[in-house]
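Survey of secondary and tertiary structure
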Amino acid sequence: MVSRRHLLASAVISAGIGLAGRPGELLAASAGMDDEGQKTMNANAGGETQAAMIKPYSAVAMQLAAQSVEKSPDRASARRQMAAMIETLEPKIRSSAIFIAQYGGSPVRLAVLPEYLLTSYPGRISIPDFAEKAALEIDGPEYEALGAMAQRLGMFIAGNAYEADPHFPKLYFQTCFIISPAGEVVLRYRRLNSMFAPTPHDVWSKYLDIYGLDGVFPVARTEIGNLAAIASEEILYPEIARALALRGAEVFAHSSSEIGSPIDTPKDIAKRARAQENLAYVVSANTAGIDFSAMPFASADGNSMVVDYKGRVIAESGTGETFTAFADIDIAGLRAHRRKPSMTNFLARQRLELFAATYAGQSPQPANSLMKGNDIVVPDRDMFLRVQEQTIERMVKEGLI
């Protein structure tokens with residue numbers, strides 16, 4: 001008998017390029033856009049008219065310093081710190097956008113913020129304690145403030161934060177979000193591959209029952225193109241970007257906090273690869289260091305970049321807080337390339353049936369590792385390491401590694 005998991009795996013890998021990525025419950029707000037954007041969408045969804053109406057625009061990877069909440073004594077103080085941080089973002093983005101428009105001639109319509117900008121990572125804080133202190137509520141004041149900022153700026157704002165979900169109490173998920181110029185969250189993507197934090201895959205059966213695959217691999221179809229999000233080290237996993245591209249994604253907003261280097265890092269290589277193999281833009285924003293943390297400030301700094309759909313780095317930042325990773329996004333050119341028969345049209349040349357059976361088999365990392373029957377297990381930090389150790393042991397026994 002074919003299991004439900006096998007069917008779902010086959011559904012992901014067999015998705016066609018024309019799939020719309022319809023909003024699930026997580027994406028219920030994705031219809032929020034201004035009248036001009038809705039007219040663009042209605043003109044000819046995915047067709048030549050729509051592409052022609054999307055003029056080149058600038059996207060910027062805002063390289064900003066994250067602020068850790070690990071030293072905040074309680075939830076209230078952490079929330080005050082986050083609110084103060086949000087207030088500093090608007091003048092930085094506005095002044096950057098003015099310069100970029102004057103310098104390059106194209107208006108900034110998308111600004112990508114770094115990973116966990118408001119809180120930094122949890123370190124050894126327990127999962128329930130970090131959820132209480134730092135995880136944003138889905139309709140909480142932080143999203144309201146970010147939405148108001150996007151409205152005033154008149155642009156899409158992509159970012160990343162830890163987020164609570166009432167369906168999964170005492171847990172949190174790392175969430176990438178995109179907010180429209182109307183102030184609405186049009187995309188909410190939960191990180192699927194994380195080493196020391198809960199993911200939807202760890203509560204897979206329940207998560208799918210609630211949100212479905214459209215809530216797992218969301219794509220927001222907007223007036224500036226089809227937007228998707230990838231979190232941090234997930235850029236190293238080609239399956240995630242490919243699943244989103246096969247649901248229509250044209251621009252990947254990549255929020256990251258990583259070690260910058262003058263030599264190629266694994267993430268730098270992966271950003272170029274994900275862009276080329278999916279014929280998509282990657283707008284990758286790194287942190288400019290992490291403040292209020294015991295870790296040396298500049299440990300995660302530099303190398304924010306914009307990569308075009310041919311895998312070319314067209315803008316890259318040095319170190320420190322800066323907006324210098326900005327570039328034009330040409331959706332019409334991307335779509336023309338995707339529709340051209342050629343050896344370099346990698347999306348059109350996919351033969352997914354070849355891999356469906358392999359991907360539908362048992363994955364190395366098990367699903368539902370935080371489920372016991374219908375109950376959610378609240379893990380300690382070391383549980384994730386134990387699961388990986390068991391996975392490696394099983395792969396050795398099976399002769400896979």
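Everything here concerns the structure above.
**A short note on the pairing of strand β5 (residues 185-190)**
Of all six residues in β5, six are buried; the element is thus mostly enclosed. One ladder, built from five bridges, connects strand β4 (residues 173-179) with β5; its direction is antiparallel. What sits directly across from Thr 175, in β5, is Arg 190.

**Looking at the packing of aromatic side chains**
In total, this model carries 15 aromatic pairs according to the counting rule given. Each ring, one from Tyr 103 and one from Phe 326, has its centre 6.0 Å from the other, and the planes form 90°; the classification is edge-to-face. Of the two residues, Tyr 103 sits in helix α4 (residues 75-104) while Phe 326 sits in strand β13 (residues 322-329), which places them 223 residues apart along the sequence. What makes Phe 326 buried here is its relative accessible area of 16%. Arranged with centres 5.8 Å apart and planes meeting at 25°, the rings of Phe 168 and Tyr 207 form a pair that is stacked. Here Phe 168 is found in the loop between β3 (156-163) and β4, whereas its partner Tyr 207 is found in helix α7 (residues 204-216), with 39 residues between them in sequence. In this structure, Phe 168 and Tyr 207 share a single accessibility class: buried. Each member of the aromatic cluster is reached from another via a ring pair, and the members are Tyr 116, Tyr 121, Phe 130, Tyr 162 and Tyr 172. The cationic tip of Arg 188 hangs over the ring face of Tyr 143; the distance from NZ or CZ to the ring centre is 5.0 Å.

**Comments concerning the packing of helix α8 (residues 238-245) against helix α9 (residues 266-278)**
α9 packs onto α8 with a crossing angle of 35° between their chain directions and a minimal axis gap of 10 Å. Of the two elements, α8 crosses α9, and the hand of that crossing is right-handed. Here Pro 238, Ala 241, Arg 242 and Ala 245 of α8 lie close against α9, whose contacting residues are Arg 274, Glu 277 and Asn 278. For the contact of α8 with α9, the per-class residue count stands at three nonpolar, one polar and three charged.

**Focus: the nonpolar core**
Ranked by size, the top nonpolar core spans 110 residues in total, and within it Ile 93, Leu 110, Ile 157, Leu 244, Val 251, Phe 252 and Ile 329 carry the most contacts. The element that contributes the greatest number of residues to this core is α4, accounting for eight residues. Discounting chain neighbours no more than four positions away, the residues touching Leu 244 are Phe 217, Pro 218, Val 219, Ala 228, Ala 229, Ile 230, Ala 249 and Phe 252.

**So, unusual backbone geometry**
Of note in this structure, Lys 170 is not a glycine but carries a positive phi near 70°. The exposure class assigned to Lys 170 is exposed, which follows from its relative accessible area of 58%. You will see that Ser 232, though not glycine, has its phi angle at about 45°, which is positive. As for its position among the elements, Ser 232 is in the loop between β7 (225-231) and α8. With relative accessibility at 5%, the residue Ser 232 sits in the buried group.

**Comments concerning the pattern of salt bridges**
For the coordinates displayed, the defined rule picks out 22 salt bridges. When the shortest N-O distance is used, the salt bridge between Asp 382 and Arg 124 registers 3.4 Å. Taken together, the positions of Asp 382 in the loop between β15 (375-376) and α12 (383-397) and Arg 124 in the loop between β2 (108-112) and α5 (127-134) put the pair 258 residues apart, joining distant regions of the chain. The exposure class of Asp 382 is partly exposed, given its relative accessible area of 34%.

**Structural notes on the layout of surface pockets**
In this structure, the second largest pocket spans a volume of roughly 550 Å³. In terms of lining residues, the second largest pocket is bounded by 25 residues, among which Glu 115, Tyr 116, Tyr 121, Arg 191 and Phe 196 are the most central. Across the lining of the second largest pocket, the residue classes break down as 12 nonpolar, six polar and seven charged.

**As for empty space enclosed by the protein**
All told, the structure shown has three cavities of 30 Å³ or more when counted by the stated rule. By volume, the largest cavity amounts to about 60 Å³. For the largest cavity, the full set of lining residues is Leu 89, Leu 113, Pro 114, Leu 117, Leu 118, Leu 146, Gly 159, Asn 160, Ala 161 and Phe 177. Considering each element in turn, the lining of the largest cavity owes the most residues, three residues, to β3. For the lining of the largest cavity, the class distribution of residues is eight nonpolar, two polar and no charged.

**Some words on α8**
With six of its eight residues buried, α8 lies for the most part within the structure. Turning to α8, its buried residues are Ile 240, Ala 241, Arg 242, Ala 243, Leu 244 and Ala 245.

**Let's talk about a nonpolar patch on the surface**
Together, Ile 392, Val 396, Leu 400 and Ile 401 make up an exposed nonpolar region whose accessible area comes to about 390 Å². Tracing the sequence through the fold places Ile 392 in helix α12.

**What about the sheet that holds β7?**
Spatially, the six strands line up as an open sheet ordered β6-β7-β8-β9-β11-β12, and their pairing is mixed. Either end of the sheet is taken by a strand with one partner, and the two such strands are β6 (220-222) and β12 (313-316). On average, adjacent strands in this sheet sit at an angle of 20° to one another, irrespective of strand direction. With three bridges joining them, β6 and β7 adopt antiparallel strand pairing. Within the sheet, the bridge partner assigned to Arg 221 lies in β7 and is Asn 226. On top of the sheet, α8 reaches β7 and β8 (251-255); it is set at about 160° to β7, its chief contact. α9 contacts β8, β9 (281-285), β11 (305-307) and β12 of the sheet and is inclined by roughly 30° relative to β11.

Parameters at a glance
- Residues numbered from 1 in each chain as written.
- Predicted model: local features only at pLDDT ≥ 70, side-chain atom pairs only at ≥ 80, totals over all residues.
- Heavy atoms only, no water.
- Buried < 20%, exposed > 50% of the residue type's maximum accessible area, 1.4 Å probe, protein only.
- Helix = DSSP H or I, 4+ residues; strand = E, 2+ residues; numbered from the N terminus.
- Pairing = 2+ DSSP bridges.
- Phe/Tyr/Trp six-rings, centres within 6.5 Å; stacked < 30°, edge-to-face > 60°.
- Lys NZ or Arg CZ within 6 Å of the ring centre and 35° of its normal.
- Axes fitted to C-alpha atoms, helices over the stretch in contact; angles between N-to-C directions.
- Left-handed = near helix turned anticlockwise from the far one by under 90°.
- Contact = heavy atoms within 4.5 Å.
- Nonpolar A, V, L, I, M, F, W, Y, C, P; charged D, E, K, R; others polar.
- Core = buried A, V, L, I, M, F, W, Y, C linked by side-chain atoms within 4.5 Å.
- Salt bridge = Lys/Arg side-chain N within 4 Å of Asp/Glu carboxyl O.
- 1 Å grid on protein atoms, 1.4 Å probe; cavity = no way out; pocket = protein on both sides within 12 Å on 5 of 7 lines; lining within 4 Å.
- Points joined across faces, edges and corners; volume = space filled by probe spheres on them.
- Patch = residues over 30% accessible without salt bridge, like charges linked within 9 Å, V, L, I, M, F, W, Y side chains within 5 Å.
- Areas by Shrake-Rupley, 256 points an atom, 1.4 Å probe, with all protein chains shown as cover.

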